[in-house]
Structures are given as C-alpha cells and as structure tokens.
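# Summary of the model geometry
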Amino acid sequence: MASLEQQDQKVVYGLDIGTRSVVGTVGYMNDGKFNVIAQAVEKHETRAMLDGQIHDIGKVGATIRKVTDRLEQQTDIHLTDVCIAAAGRVLRTVRTTYEYEYPDGHEITDEDIYNLDSGAVEKAYQEFLSQNTLDIKFYLVGYSVMHYYLNGYQIANLEGHNAGKVSVELIATFLPDDCVDGLYKACERADLKVANLTLEPIAAMMVAIPDRFRMLNLALVDVGAGTSDICITDDGTITAYGMLPIAGDDVTEIIAQHCLVDFNTADEIKITTSHAEKAEYTDIMGLTKVITAKEVAKIVKPKVDEMAQRATAEIKKLNGDKPVSAVFVVGGGGCVPGYTKAIAKEMDIPEERVALRGEEVMKDITFLNNDGIERDSLLVTPLGICISYYQEANNFIFVSFNGVQTKIYDNGKLQIVDAAMQAAFPNEDLFPKRGAELRYTVNGKERASRGEPGEAAVIQLNGKPADIHSKIHANDIIEVKPSTAGAPGKATVETIPEFKTKFNVVVNGKNVEASKYATVNGQAQSGYYDIKAGDEVKILDYNTAAQIAELMDIKITEDTVIIVNNERGDANTPVYENFKIDFKDQEDVIMDYYKDFPNADAEAIRQSNQATFDNMDMEKRLTQDRNGQLSFEDLPDDDGTYVKSGASSADASEVKNILAHDLHVVVNNDAITLHGKSDYIFVDIFDAIDFDLSKPNGRAIVTTLNGATPDYMQPIHEGDKIEVYWK
C-alpha cells in the first residue's frame, strides 16, 4: 500500500479515459516545465465505451482502478484526486455576436465589458436552447472572446474608450449532464474524486499548439478510437470546436471483417502494421495467417480517405469555408498510414503542412523514469489533461441559488452571475432594467426616448450583501431579488430639437420670438403636449395665430379680430417668420374703419351749396376788385354758408340750402324719409335708422344698395332699396 499522500506530495494525476484504453499520468509542474513521474496504460477488456461515451460505468471504473493501482505501485503515492477530460463528441458550441449602444459621453469600464460578455453568453445560451432538440440538461463550461468592436471597428481593449456602439464576438461551450455524470461516476467507482474537468480538444491544444503559435490559422485533429475532435485557432485564440463520429475504430472494423478476427485482434494488427512490415494473427477458424503493412494500407484506404474528407470538410466549415494554413494530428487513430497525406490532398495544401505531433512538442516535458512508453502522439492529450490542472482548475460544484440546488462547472473564476445563468435566472433581472422605450415619428422619421434605469438586483451571498461579480465556492447560499424597471421613456413636443428653433414675428407692433407649429396625429398641439407611443409628430416652419395668441397670453373671443399682414385672418392662419399679426376688438376695428369718413351733414351742405352757387347769375358771383379785375370773393364758410364779401348775414341766408328737399328710400324693408339736403349720399341713412356703430353685434357690417355693394360716399336717389345689418 502506498505510504505517501497525494496532497502532501503536490502531484497531479491525469486520466485520459478513451474509447479503447485508459492512460494515466502522474507528475508535477516546476519552473514552467511538467515533470512526469509515472505513466500507465490499460485497455478496456470489452467495448465498455463507444464513440467516447461510457456505456458500462462499472467496467470503465474497474479499468481506471487498474491504472491507478499500477501508478501507486510505481510512485508509492496514494492517489485520491484525478483530472479528466470530456470527449469532443458531446461538445456543443455556439458562436455569437452581441451588441450594445451606450449614450454619448459614457466611458467604458471593466464592469461594462463584463456586462457585454454576459449579454453575449446569455444570447449564446438562448440560441443553444432554441437549437437543442434533446431532452438533456447542458452546462455552460466556458467561453472564449474572439473580438471586441467599437463603432464597427475591431479593437483590442474597450476599457477607457468613450462609448458608442460596442459589440463582442465569442464562442460559448456546453456539455450535457449525462456525459459529465458518467465520467464522474466511473471515477467514483475507482475511489477517486474529480479535481479538474477539461475538454479533450483543449487538453491536446495545450501541448500540440502552444500559445505563441495560436496567432496562426491552424487546425488540430485529435483522432481517437471513437471520435475525431477538431480545434481551430486564429488571432491568438481558439475560434471553433468540432467533432466527427469517425476515427480509429472504424479502421479496426474494416480489418476485422477482412481478416475474420475479433475486434481486439484487429486492433493489434492495425497497431503492429503502423510501425512494422507485417503482422501475424489467428482468425476465427483457428488458422494462423500473416498480413503485410501494404495489404492493410490497401484495404483500409477507402475508410482512411473518408475520414480525411470528412475531417477536411469540418475544418473548412469551422474556419469560415476556407482552408487553414496547417493541420496538426494527434491521437492513436491519426497514426494510420496515409491519413495525413489524404488530409493535405483534400485541404489542397503542401503535405509538409499536415503532420503528426508527438515527441517534438514535448520539449517542456521531462520524463523522470524509463517506463517503456513511447513518446508519440498518443501521449499529447494525457499530458495536456495534467497541464490543464495548473491553467484551468475546472470542476463541478453545487451551490444554492434562491433555494434550488444548482450544479455549476467551476473554472476557478466562478461569480454569482455564472450561478444565475446556470440556474436559468433571467439575465435582465440581474441588471437595472430601463423603462419601456417611447417610440414615435417626427416628420416621418423614427424617434425614440429611452426609459429611465431601474434598481439593480438585491443580492446576498451567505447572508451578506454582494453583487454579481462576487466570487462563489462550493455550497455557497445565494439569494437574488430581481432588479426593477425604471420609469418609461417620455418626451414633450418642446423637447424635439426641430421644435426648439425660434423665429421672429411682430405681434401688436412688438417683436416676439415664437416657436414653430407642431401637429400630433393631424391635430395642432403646444410644446407642452406629452408625446404618446406611436404618435406622428410634424414640425412645420410656421405657427398659427391661435398659438401666437397663447404665447402672448391673449384670449381670443368672438369679438377678437385677427389681422395678418394687413389682411383679415382667423385662429388657424399660418404665421411665418417676419410676419405681422394684430389682435383687435371688433369695436376698435369698426371705429378705425370709419375714422377717416367725412361728416355726412357737412358734406351734404357743401355739395348742395356748391350746386346752388354754380347755378347763380354770374353778376351776383363776380365783383370788381380795386384794380378792375374780376375775381371770386364768395367763398363758403366752415358751416357751408356762402357769404359775399361785405354782405350781411341776411344776404347769406338767401344762398343757404335753397335746393333742400326730402328723399324717400326703403331700408331693411322699412320706409325712411331723409330731410334737409339737396343731395344725399349712402352714409346719410345712419342718421335716420337705429344702427349704433359703436356697439358691434357681429364680425362685420353688410351693406347693399339695390342689391349691389355701395361705396359709403355713393349718392342715393328716390325709392332706392337699402340693406344694413351685422354679419
């Protein structure tokens, strides 16, 4: 029995649980190099695993126990904790892009970047769920950021930049629960506790393609017994994963059928002829036979070509439908003669750019014993599993999330937000939610007013306040109250930039700065109008008379007369820049209208006396001046009376109103008699009828003379028909 404990010796135990065999490695990291203390390999006695999936947990557990016992004997260390890898056949990946737009002037913080990544992972998870047709629970086991973008341009680091439209492109990875449980239970049967779980393609990548080479567009193909796992690198990161359910066992089955042997014997023939010229075997008839390596290569060539064709097609698909620069092959299945050449041909790249990776990539690995195990491509993945422990430290743990026991893949960097995602807690309930966005149109173009941010989720970790970035560990108790939504977006007409533009008008003789005219859904609205969802707002380059009046606190009544640029208008008359508008009372308008009219009596007397004067004898109208010249000296006084120079008032009475007579007319269907004038004009009727011009009873006076519109100074005659009324 081993005398030393694993934890005390600080060694790592890695297991590559493959379809055909289990490879165990014990070692430790020192000064950046991994030191291998011991290795052991055990083949499955039966086909307890198919295509990388455990079918018989008990038998696989027994094989793991055999490997563990052998390693304990070699090292004298009691092994209790093990690192394992899940096969790529069960791997599911989603590549997605997530975009977010920040308001102008916002400086991007680390929290903003984390929220951006979280939004992308949540989107990837939802996309995965929509595509997943299996009734199996999957776990998010990690994600890799491929690129960040700022306003459409790729950028290395968003932190510190002024925000705009930012986006992230990443690849998220998911594993099914049944696959993980099978691996864990097989290890438990061997009395081992899983210390770290990684993915086989990632483990192989750690050894076969170091970080310094990942700037290149490369492909890694790990050809095992049951599956071919594919990994693509570019721009310094892993950009895609893939899996094909075709690998070494498919070649073995061809040999078994051709040679009439059981599967294990066929596998021995395949392995032997990969490095020897021939192999001897006994078929099911008991006959001993020999087959050469060339014969084996010939009979398996169609299957090898098919494997290469499918691998190349998958590589191109994962790489954006284009070939990679080079392909590295690891795993026992990739040792089949002709496989690398077939891939080079299908990929249309030189043969030297497709190669098996083995001992040449193990320069940073030291083997401390001589156990007889060949340092070839079969060891790449087992060694990568051990090394991943120091770089990833991944495992599954349990936490309580809102009272529900939740299983999470622990990558050593778990935070509350990761637990929330695995527990299917909505991502939007973690972060402050903005109120509903208000959408409307301005002059036919879409506009939106963002809602106010609400309150963030209230989070407690083990009874103490925490946030989404708080680190979590096994058995932690997490309580999360969902975030709240803020007030919905709002806007008024006066907040629209186009409406804020002012223009000058002259109101009642004063220069005034007025706003433009706005309509909402066809109805005029002021700047104080609260815009509603779906409103159609139009901002016109004028205002209405009514809105000008509202601006000036002028109340428009029935007696208000609106005059725009000296023309009669109404409340809806447009008022453009530099227009003149006056608001007057009806009475003022009427009085202004008649203020320049002559006195009707004086005008009638003047006309009468002028006619009388014109008909007098010339002798009476002419006098001799002192120089003997003739001149008119009889001029009318202000009262309309002609007084001859030197004449008395008695003489003047002879020429005053000598032709005066009555005039009979019909006004508004009533007979009216006018007196005391020799000639009458239209305005004379206002002296004879009850019509008070100083008290308006309408918007305007309507007058007709024998059915036509008269002039107020127009003469009237006996029997004329007249109408006068307010409109």
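Before any of the text, the structure's been laid out above.
These notes cover the structure that comes with them.

### Re the pattern of salt bridges
A complete count under the given rule lists 17 salt bridges for this structure. The salt bridge partner of Arg20 is Asp267, with a shortest N-O separation of 3.8 Å. Of this pair, Arg20 sits in the loop between β2 (12-17) and β3 (21-30) while Asp267 sits in helix α7 (residues 263-273), and the two are 247 residues apart along the sequence. Since its relative accessible area comes to 5%, Asp267 is described here as buried. Its salt-bridge partner being Lys301, residue Asp305 comes within 2.7 Å of it at the nearest N-O pair.

### Overview of the environment of Ser325
Structurally, Ser325 is set in the loop between α8 (293-318) and β19 (326-330). Sequence-wise, Ser325 and Ile349 are 24 residues apart; in three dimensions their C-alpha atoms are separated by 7.7 Å. The residues touching Ser325, leaving out its near neighbours within four places in the chain, are Asn217, Ile349 and Arg353.

### Some remarks on a nonpolar patch on the surface
On the surface, a nonpolar cluster with roughly 440 Å² of combined accessible area is contributed by Leu260, Ile284, Met285 and Leu287. Mapped onto the elements of the fold, Leu260 is located in the loop between α6 (248-259) and α7.

### Points about the pairing of strand β48 (residues 721-726)
Residues Ile722, Val724 and Trp726 of β48 are buried on one face, while the alternating residues Lys721, Glu723 and Tyr725, pointing to the opposite face, are not. Note that strand β43 (residues 661-667) and β48 share two bridges and pair parallel. For Val667, the partnering residue across the bridge sits in β48 and is Ile722. Pairing of strand β46 (residues 701-705) with β48 involves five bridges; the strand directions are antiparallel. When the sheet's bridge partners are listed, Leu705 is paired in β48 with Ile722.

### Some words on the pairing of strand β30 (residues 510-515)
Relative to β30, strand β29 (residues 502-507) runs antiparallel, the two sharing six bridges. Looking at β30, one finds that Phe503 is bridged to Ala514. Hairpin geometry of β29 and β30 is characterised by an intervening segment of two residues between the two adjacent antiparallel strands and by a positive phi of about 50° at Asn508.

### Concerning the packing of α6 against α8
At their nearest, the axes of α6 and α8 sit 9 Å apart, and the two run at 145° to each other. Like other packed secondary-structure pairs, α6 and α8 cross with a definite hand, here right-handed. Here Asp250, Val251, Ile254, Ile255 and His258 of α6 lie close against α8, whose contacting residues are Val296, Ile299, Val300, Lys303, Val304 and Met307. Broken down by class, the residue content of the contact of α6 with α8 amounts to eight nonpolar, one polar and two charged.

### Notes on the nonpolar core
Residues Leu15, Ile17, Ile64, Ile84, Leu197, Val327 and Tyr339 are the most contacted members of the largest nonpolar core, which totals 107 residues. For this core, the element with the most residues is α8, which contributes eight residues. Phe128, Ile155, Val168 and Met421 belong to the second largest nonpolar core, which has 23 residues in total.

### Describing unusual backbone geometry
Keep in mind that most residues, glycine aside, have a negative phi and that most peptide bonds are trans. Despite not being glycine, Asn565 shows a phi value in the positive range, around 50°. Take Asn565: it is sitting in the loop between β35 (560-564) and β36 (567-569). Residue Asn565 is classed as partly exposed on the basis of its relative accessible area of 33%. For Asn566, which is not a glycine, the phi torsion comes out positive at approximately 65°. You can see Asn566 is positioned in the loop between β35 and β36.

### Observations concerning the sheet that holds strand β32 (residues 523-525)
Read from one edge to the other, the open sheet built from five strands follows the order β25-β24-β33-β31-β32, with strand pairing classed as mixed. For this open sheet the edge positions go to β25 (445-449) and β32, each flanked by a neighbour on one side alone. Across the sheet, the axes of successive neighbouring strands diverge by a mean angle of 35°, strand direction being ignored. Where strand β24 (residues 438-442) lies against β25, five bridges are found, and the strand directions are antiparallel. By the bridge assignment, Leu438 is partnered in β25 with Ser449.

### Focus: α6
Relative to the 16 Å expected for 12 residues at 1.5 Å per residue, α6 spans 17 Å between its end C-alpha atoms, a close match to the ideal helical length. Looking at α6, one finds that the buried residues are Gly248, Asp249, Val251, Thr252, Ile255, Ala256 and Cys259. Projected down its long axis, α6 carries its buried residues within an arc of 155°, all on one side. Buried positions along α6 lie against β14 (218-223), α7, β17 (278-282), β18 (288-292) and α8. At the exit of α6 stands Leu260, carrying a positive phi of roughly 55°.

### Description of the sheet that holds β48
Read from one edge of the open sheet, four strands run β44-β43-β48-β46, paired in mixed fashion. Each having just a single partner strand, β44 (670-677) and β46 make up the two edges of the open sheet. Going across the sheet, the axis of each strand differs from the next one's by a mean of 30°, ignoring polarity.

### So, helix α9 (residues 339-347)
When α9 is considered as a whole, its buried residues turn out to be Tyr339, Thr340, Ala342, Ile343, Ala344 and Met347. Tucked inside the fold, the buried residues of α9 contact β14, α8, β19 and β20 (354-356). Among the residues trailing α9, Asp348 stands out with phi positive, at a value near 60°.

### Here's the deal with a negative patch on the surface
A surface patch of negative charge is lined by Glu558, Asp559, Asp585, Glu587, Asp588, Asp690 and Asp692. Along the chain, Glu558 falls in the loop between α13 (545-551) and β35. For Glu558, a relative accessible area of 75% corresponds to the exposed category.

Reading guide: rules and limits
- Residues numbered from 1 in each chain as written.
- Predicted model: local features only at pLDDT ≥ 70, side-chain atom pairs only at ≥ 80, totals over all residues.
- Heavy atoms only, no water.
- Salt bridge = Lys/Arg side-chain N within 4 Å of Asp/Glu carboxyl O.
- Helix = DSSP H or I, 4+ residues; strand = E, 2+ residues; numbered from the N terminus.
- Buried < 20%, exposed > 50% of the residue type's maximum accessible area, 1.4 Å probe, protein only.
- Contact = heavy atoms within 4.5 Å.
- Patch = residues over 30% accessible without salt bridge, like charges linked within 9 Å, V, L, I, M, F, W, Y side chains within 5 Å.
- Areas by Shrake-Rupley, 256 points an atom, 1.4 Å probe, with all protein chains shown as cover.
- Pairing = 2+ DSSP bridges.
- Axes fitted to C-alpha atoms, helices over the stretch in contact; angles between N-to-C directions.
- Left-handed = near helix turned anticlockwise from the far one by under 90°.
- Nonpolar A, V, L, I, M, F, W, Y, C, P; charged D, E, K, R; others polar.
- Core = buried A, V, L, I, M, F, W, Y, C linked by side-chain atoms within 4.5 Å.
- Expected span 1.5 Å × (residues − 1).
- Arc of directions from axis to C-beta.
- Lys, Arg positive; Asp, Glu negative; His and termini not counted.
- Charge placed at Lys NZ, Arg CZ, Asp CG, Glu CD.

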